[in-house]
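# Close look at the chain arrangement
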Amino acid sequence: MTSMTIVESSVKPGLTAFQASAEDQAEVHELILKTARWLHSKGSTQWGKLLKGEDDHNLGGAIARGEVVIFRTSEDHRLAGAVILQQQPSAWDSRLWGLEETNSEGGTSVYLHRLVVDRDNTGKGLGRELMQWIEQGIRFAGKDRIRLDCIAGNDKLSGFYKQCGYTYMGETNGYNTFEKMLIKS
């Protein structure tokens, strides 16, 4: 199981964070696919494998490990967003970050994947609020940084991560990598 603890479930008025359960999987999967379809319609190849039925980040396994957080509206309990916060590097992360795949401890990093906001909530600053909440509303035992990546050609998303305080670490195999140290409380 994960060593992630939600310490503040309120993201902002009207939006609450929950640890996803198996009952949430289909809804989260559909939200991610909806975003992948939208990205594809804009000419992006990011998340293209999902449209082919491939999932490098194993949503079901991540939910079972307690590594998926969902964000629901208070008014109608509608899914407004989701994120995978892996405590151990996946094979994808190991390749991207140049890690030894035999490192079973996973180091001191949390790997952020599939941050998604429902298309009805885009353009309202929700993505930035979720990123801030991830850093402040959760405690990760033994972890001191968050790592993430995006396709190298996505300048808008790379700019978003920089605006959220993430440091650009470089490009590997066509993906930009970013890292942010967590403030200890």
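Overview of the structure. The structure presented is a predicted model; accordingly, all values stated were derived computationally and were not measured.

To describe a pair of aromatic rings, you give the distance between the ring centres and the angle between the ring planes. Within the structure shown, the criterion is met by 6 aromatic pairs. Ring centres 4.9 Å apart and planes at 85° place the aromatic pair Trp92 and Tyr175 in the edge-to-face group. In this pair, Trp92 is assigned in helix α4 (residues 91-97) and Tyr175 in strand β10 (residues 175-181), connecting sequence segments 83 residues apart. Look at Trp92 and you get buried, because its relative accessible area is 14%. Considering the side-chain rings of Phe160 and Tyr161, the 5.6 Å spacing of their centres and the 55° angle between planes classify their relative orientation as tilted. As far as the burial class goes, Phe160 and Tyr161 line up, both buried. Among the aromatic side chains, those forming a connected cluster through ring pairs are Phe160, Tyr161, Tyr166, Tyr168 and Phe178. The side chain of Arg119 reaches across the aromatic face of Trp38, ending 3.5 Å from its centre.

On to the nonpolar core. One recurring pattern in soluble globular proteins: nonpolar side chains tend to sit buried together. If you look at the biggest cluster of nonpolar residues, it comprises 29 residues, and the most contacted ones within it are Val69, Phe71, Leu85, Leu112, Met131 and Ile134. Within the residue set of this core, elements represented by two or more residues are β3 (15-19), β4 (68-73), β5 (79-86), β6 (109-117), α5 (126-136), β7 (138-140), β8 (145-151) and α6 (155-163). For this core, the leading source of residues is α5, giving 5 residues. Apart from residues no more than four positions distant in its own chain, Leu85 is found in contact with Met4, Glu67, Val69, Val110, Tyr111, Leu112, Ile134, Ile138 and Phe140. Membership of the second largest hydrophobic core comes to 18 residues, among which are Leu31, Leu39, Trp47 and Leu79.

Considering all chains together, one arrives at 14 salt bridges under this definition. Glu179 is paired through a salt bridge with Arg147; the nearest N and O atoms lie 2.6 Å apart. Of this pair, Glu179 sits in strand β10 while Arg147 sits in strand β8, and the two are 32 residues apart along the sequence. For the pair shown, Glu179 and Arg147 are each scored as buried. What emerges from the salt-bridge pattern is a single network uniting Lys34, Asp76, Arg78 and Asp118.

Position of Glu135 among the secondary structure elements: in helix α5. Engagement of the side chain of Glu135 in a polar contact is seen with the side chain of Lys180, the distance being 2.8 Å. Not counting the four nearest positions on each side in its chain, Glu135 is found in contact with Ile146, Cys164, Tyr166, Lys180 and Leu182.

On to the pairing of strand β9 (residues 167-172). Inspection of the sheet shows β9 paired to β10 by 5 bridges, in the antiparallel sense. In the sheet register, Gly170 faces β10, and the bridge partner there is Thr177. Hairpin connection between β9 and β10: a loop of 2 residues separates the two successive antiparallel strands, and Asn173 in this loop has a positive phi of roughly 50°.

The rules we used
- Residues numbered from 1 in each chain as written.
- Predicted model: local features only at pLDDT ≥ 70, side-chain atom pairs only at ≥ 80, totals over all residues.
- Heavy atoms only, no water.
- Phe/Tyr/Trp six-rings, centres within 6.5 Å; stacked < 30°, edge-to-face > 60°.
- Helix = DSSP H or I, 4+ residues; strand = E, 2+ residues; numbered from the N terminus.
- Buried < 20%, exposed > 50% of the residue type's maximum accessible area, 1.4 Å probe, protein only.
- Lys NZ or Arg CZ within 6 Å of the ring centre and 35° of its normal.
- Core = buried A, V, L, I, M, F, W, Y, C linked by side-chain atoms within 4.5 Å.
- Contact = heavy atoms within 4.5 Å.
- Salt bridge = Lys/Arg side-chain N within 4 Å of Asp/Glu carboxyl O.
- Polar contact = N/O pair within 3.5 Å; in protein donor to acceptor, adjacent residues only side chain to side chain.
- Pairing = 2+ DSSP bridges.

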